[in-house]
Amino acid sequence: MPVPADPTVLHPMPEQPRVVLLRPLVKSPLIEVGEYSYYDDPDDPTAFETRNVLYHYGPEKLIIGRFCALGTGVRFIMNGANHRMDGPSTFPFPTMGGSWAEHFDLLTGLPGRGDTVVGNDVWFGHGTTVMPGVRIGHGAIIATGAVVTADVPDYGIVGGNPARLIRTRYDDQDIARLLAVAWWDWPAEHITEHVRAIMSGSIADLEAAAPDTPHDIPHV
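Here the structure is a predicted model, which means the values were calculated and not measured. (Residues numbered from 1 in each chain as written. Predicted model: local features only at pLDDT ≥ 70, side-chain atom pairs only at ≥ 80, totals over all residues. Heavy atoms only, no water.)

Explanation requested: the overall build of the chain in the structure shown.
Looking only at helices and strands, the chain has 5 helices and 15 strands in total. Structurally, the chain occupies a C-alpha span of about 65 × 40 × 30 Å along its principal axes. For the chain, with 220 residues in total, the buried portion stands at 40%. In the chain, of all internal contacts separated by at least 6 residues, the share reaching a separation of at least 24 is 45%. Of the accessible surface of the chain, which amounts to about 12,000 Å², a share of 56% is contributed by carbon and sulfur atoms. Put simply, the chain has 15 plus and 27 minus side-chain charges, and the middle of one group is 5 Å from the middle of the other. (Helix = DSSP H or I, 4+ residues; strand = E, 2+ residues; numbered from the N terminus. Buried < 20%, exposed > 50% of the residue type's maximum accessible area, 1.4 Å probe, protein only. Contact = heavy atoms within 4.5 Å. Areas by Shrake-Rupley, 256 points an atom, 1.4 Å probe, with all protein chains shown as cover. Lys, Arg positive; Asp, Glu negative; His and termini not counted. Charge placed at Lys NZ, Arg CZ, Asp CG, Glu CD.)

Below, the structure is given as structure tokens:
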């Protein structure tokens, strides 16, 4: 029987230490990552939590689905980056200490956009930036250098600063079929048997390959 790849191995390609699986890497309770999602960085991919997830003080979470590909330099800006904008200055005086710290109430209750959520099978190009509270749909592609400031639809392709929808990869009817088949939720053994259909087949091929029994892995 075909053997699935091991989702618990930090470096799935030992000869390429620049690639890490994120699920066995991340430790923060504020970050959730599905199996097989990876980050690629020639510098230090194991520093993903501190170098690529910025201003993350909570309670908002970063949630990334399964089978996502994150190119070098992908950054998630979290809600902790917010500054006050309702007064003459945006400078966060209380964080500097001294008696300024007595005014820390000025920094509480800043507006937030909630969790940042990435669906399954999303491809992030080199140097993309995702702003707080954005939701990125399943099967989306984020072009190199894009700054994502708004939600991205399922199977959408976005690019630019701010990122704009360039097109969708499929029409609405086919997207509905892809979401219904949800191959990323199949058991790993079943995915292993149908890798070629998943990578290069048609939607009809995926539908034909779907397990006979309902898959019970929850969506991320």
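Honestly, the pattern of salt bridges in this entry has me stumped. Any pointers?
A pair can form between side chains of opposite charge whenever their charged atoms are brought close. Tallied over the entire structure, the rule returns 7 salt bridges. With a closest N to O distance of 3.0 Å, K61 and E32 form a salt bridge. Pair noted here: K61 is in the loop between β4 (53–54) and β5 (62–64) and E32 is in strand β2 (residues 31–33), with a separation of 29 residues, a long-range link. In this structure K61 comes out as partly exposed when scored by relative accessible area, which is 28%. What makes E32 partly exposed here is its relative accessible area of 35%. Note that R51 and D43 form a salt bridge whose closest N and O atoms lie 3.7 Å from each other. Overall, the relative accessible area of 61% leaves D43 in the exposed class. Here the salt bridges do not stand alone but share partners, grouping D174, R177 and E207 into one network. (Salt bridge = Lys/Arg side-chain N within 4 Å of Asp/Glu carboxyl O.)

What exactly am I supposed to notice about the environment of V3 here?
Following the sequence through the fold, V3 ends up in the segment before β1 (19–21). Between the C-alpha atom of V3 and that of I142, which follows or precedes it by 139 residues, the distance is 31 Å.

Would you explain the domain arrangement of the chain in this entry?
A common measure of how large an interface is: the accessible area buried when the components associate. As assigned here, the chain comprises domain 1 (7–82 + 111–169) and domain 2 (171–210). Computed from C-alpha coordinates alone, the two centres of domain 1 and domain 2 are separated by 23 Å. Together, the buried faces of domain 1 and domain 2 total about 860 Å²; carbon and sulfur atoms form 69% of this surface. For domain 1, the biggest contributors to the area lost against domain 2 are R66, F67 and Y155; these three give 50% of the whole. Between domain 1 and domain 2 we count 0 salt bridges in total. For the pair domain 1 and domain 2, the interface holds 1 residue pair in polar contact (both at pLDDT 80 or more). For the side of domain 1 that touches domain 2, the class distribution of residues is 3 nonpolar, 3 polar and 3 charged. (Domains from an automatic or database assignment. Buried area = accessible area lost by both parts, 1.4 Å probe. Polar contact = N/O pair within 3.5 Å; in protein donor to acceptor, adjacent residues only side chain to side chain. Nonpolar A, V, L, I, M, F, W, Y, C, P; charged D, E, K, R; others polar.)

Before we go on, may I ask you to explain the layout of surface pockets in this structure?
Gaps between atoms show up when a probe of the same size as a water molecule is rolled over them. Put simply, the largest pocket is a space of about 980 Å³. Along its surface, the largest pocket is lined by 34 residues, and F67, D121, W183, I198 and M199 are the ones closest to its centre. Listing elements by their share of the lining of the largest pocket, those giving two or more residues are β1, α3 (188–193), α4 (195–200) and α5 (203–209). The leading source of residues in the lining of the largest pocket is α4, at 5 residues. Tallied by class, residues from the lining of the largest pocket come to 27 nonpolar, 4 polar and 3 charged. Computed from the structure, the second largest pocket encloses a volume of approximately 290 Å³. Taken together, 18 residues make up the lining of the second largest pocket; nearest its centre are Y57, G58, N79, G80 and L110. Here the lining of the second largest pocket is built from residues that sort into 8 nonpolar, 9 polar and 1 charged. (1 Å grid on protein atoms, 1.4 Å probe; cavity = no way out; pocket = protein on both sides within 12 Å on 5 of 7 lines; lining within 4 Å. Points joined across faces, edges and corners; volume = space filled by probe spheres on them.)

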